[in-house]
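If you want the building blocks of each chain, they are given just below.
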Amino acid sequence: MRTNKVISLSQFIADQQNKFPDANGDLSKIFRDIKFAAKIVNRDVRKAGLVDILGAFGTVNVQGEDVKKLDIIANEEFKSSLTLGGDCCAIISEEEENIHHIETTLNKDSKYIIAIDPLDGSSNIDVNASIGTIFSVYKRKSPIGGPVTMDDVLQKGVNQVAAGYIIYGSSTMLVFTTGQGVNAFTLDSSIGDFCLSHPNIKIPTDGNIYSVNEGNYDQFEQSTKNYIDYCRNSMDKKPYSARYIGSMVADFHRNLLKGGIFIYPSTKDSPNGKLRLMFESNPMAFITEQAGGIATTGDTRILELEPTEIHQRNPVIMGSSNMVRKAVSFR
Ligand code: AHG
Ligand code: MN
Ligand code: MN
């Protein structure tokens with residue numbers, strides 16, 4: 001569906017403001033800050049092949065300066081924008097071991113906590129394939145003004161106030177939910193703003209794309225192998241297509257628009273899989289459900305998982321509802 005008039009992200013958020021549970025404008029300021037950092041990271045991603053921001057962190061460029069990897073740069077940009085904005089009291093990041101407390105006068109009186117994977121799909125940076133940023137917004141539980149605790153940070157996915165991702169692909173898009181459906185905005189670089197391009201996205205109930213790293217097949221549980229065998233040989237209809245780039249954001253985004261299933265299962269070596277609950281699974285699960293899909297570990301609804309540590313991992317099966325139901329039926 002297309003709209004005739006252009007609606008910017010800021011306009012959209014302002015229009016939605018009174019539908020937010022706490023309509024005091026703070027959440028729109030968080031989006032303002034995320035949008036700003038996203039534009040900076042987008043700029044860096046777009047020139048990644050031209051300047052020394054590729055390569056491993058810790059290496060030295062021709063000028064003898066330290067090279068910062070794009071994930072580190074992205075982490076710094078999001079932290080900086082959220083700090084300067086003043087509406088976020090703490091950040092947890094895939095790039096940092098512990099809680100990043102923000103204790104400036106403005107920030108310590110704010111109620112929002114951000115969980116962020118600043119650069120997702122980092123193995124694709126050097127080969128010019130799509131990468132992304134994933135974020136979640138939570139409200140702290142403890143009283144405003146005091147120290148942010150582990151309890152504030154380790155909340156179940158059902159408590160997310162908002163979640164989204166930015167995909168730096170053939171175009172740059174911001175896809176998000178505040179619990180009222182999923183909307184996507186495409187960056188129009190000529191005006192420097194994100195414009196509503198995909199209102200009220202619903203993931204197709206069925207699809208024919210399965211996304212899983214089949215190179216790990218021998219490592220999978222028998223039920224996962226059986227489902228993959230089913231996808232390879234399905235007699236129900238045209239066999240499924242395998243599509244897997246290794247950037248969750250890109251694999252997820254394709255399946256969201258076209259219908260499909262994304263799987264990162266447990267393996268013999270990693271019984272909890274690879275993806276991180278706070279940075280990848282929860283935000284994508286929130287978006288999946290808001291788009292009408294299902295997100296599960298195979299046993300449990302992802303949004304109901306109880307986090308016990310910042311970097312914990314969990315198996316993921318998410319996407320078109322009929323496909324996920326079918327995959328789970330093999331267990
Ligand atoms: P990150 O770049 O943030 O570390 O995340 C990479 C993740 C995810 O984006 C992707 O789905 C998965 O790793 C790919 O893992 P495999 O290479 O094991 O398939
Ligand atoms: Mn990631
Ligand atoms: Mn990452």
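Before reading on, note that the structure itself is shown above.
1. Quick word on the site of ligand 1
Not every one of the 17 residues close to ligand 1 is listed here, only the nearest: Asp120, Ser122, Asn213, Tyr244 and Tyr264. Contact distances for ligand 1 include 2.9 Å between an oxygen atom and a side-chain N or O atom of glutamate 94. Between ligand 1 and glutamate 280 there is a distance of 3.3 Å, counted from an oxygen atom to a side-chain nitrogen or oxygen. The fraction of the free accessible surface of ligand 1 (480 Å²) that becomes covered by protein chains is 84%. Every element with two or more residues in the shell around ligand 1 is listed here: β3 (112-120) and β11 (261-264). Among the elements that make up the shell around ligand 1, the one with the highest residue count is β3 (three residues). Each residue belonging to the shell around ligand 1 can be placed in one class, and the counts come to six nonpolar, five polar and six charged.

2. Brief notes about the coordination of the manganese ion (ligand 2)
Only Asp117 (OD), Asp120 (OD) and Glu280 (OE) from the protein coordinate the manganese ion (ligand 2), and they sit 1.9 to 2.1 Å from it. Within one chain, the residues serving as donors to the manganese ion (ligand 2) are arranged as D-x2-D-x159-E. A separation of 3.8 Å is found between the manganese ion (ligand 2) and the manganese ion (ligand 3), which share aspartate 117 as a coordinating residue. Of this pair, aspartate 117 sits in strand β3 while glutamate 280 sits in helix α8 (residues 277-290), and the two are 163 residues apart along the sequence. In this structure, aspartate 117 and glutamate 280 share a single accessibility class: buried.

Calculation criteria
Think of each chain on its own: its residues are numbered from 1, step by step along the sequence as written. Naming scheme: in the order in which they are written, chains are lettered from A and ligands are numbered from 1. Only residues with pLDDT of at least 70 get local features here, since the model is predicted, and only at 80 or more are side-chain atom pairs given and counted; chain-wide, interface and lining totals rely on the full set of residues. Note that water and hydrogens are dropped before the side-chain values are worked out from all heavy atoms of the structure. Here a residue is considered near a molecule or strand provided that any single heavy atom belonging to it is located within 4 Å of it. We define a polar contact as two N or O atoms separated by no more than 3.5 Å, with the added condition that, inside protein, one atom must be a possible hydrogen donor and the other a possible acceptor, whereas residues neighbouring each other in sequence contribute only through side-chain atom pairs. Each accessible area is a Shrake-Rupley result for a 1.4 Å probe, and residues are judged covered by the shown protein chains and nothing else. Numbering of helices and strands starts at the N terminus; helices are DSSP runs of H or I of at least 4 residues and strands are runs of E of at least 2. For this classification, the nonpolar set comprises Ala, Val, Leu, Ile, Met, Phe, Trp, Tyr, Cys and Pro, the charged set comprises Asp, Glu, Lys and Arg, and every other residue, Gly included, is treated as polar. Each metal site lists N, O and S donors within 2.8 Å (3.2 Å for Na, K and Ca). With water left out of the atoms, a site can look as if it is missing ligands. We call a residue buried when its accessible area falls under 20% of the maximum for its residue type, exposed when it is over 50%, and partly exposed in between, using a 1.4 Å probe and counting protein chains only.

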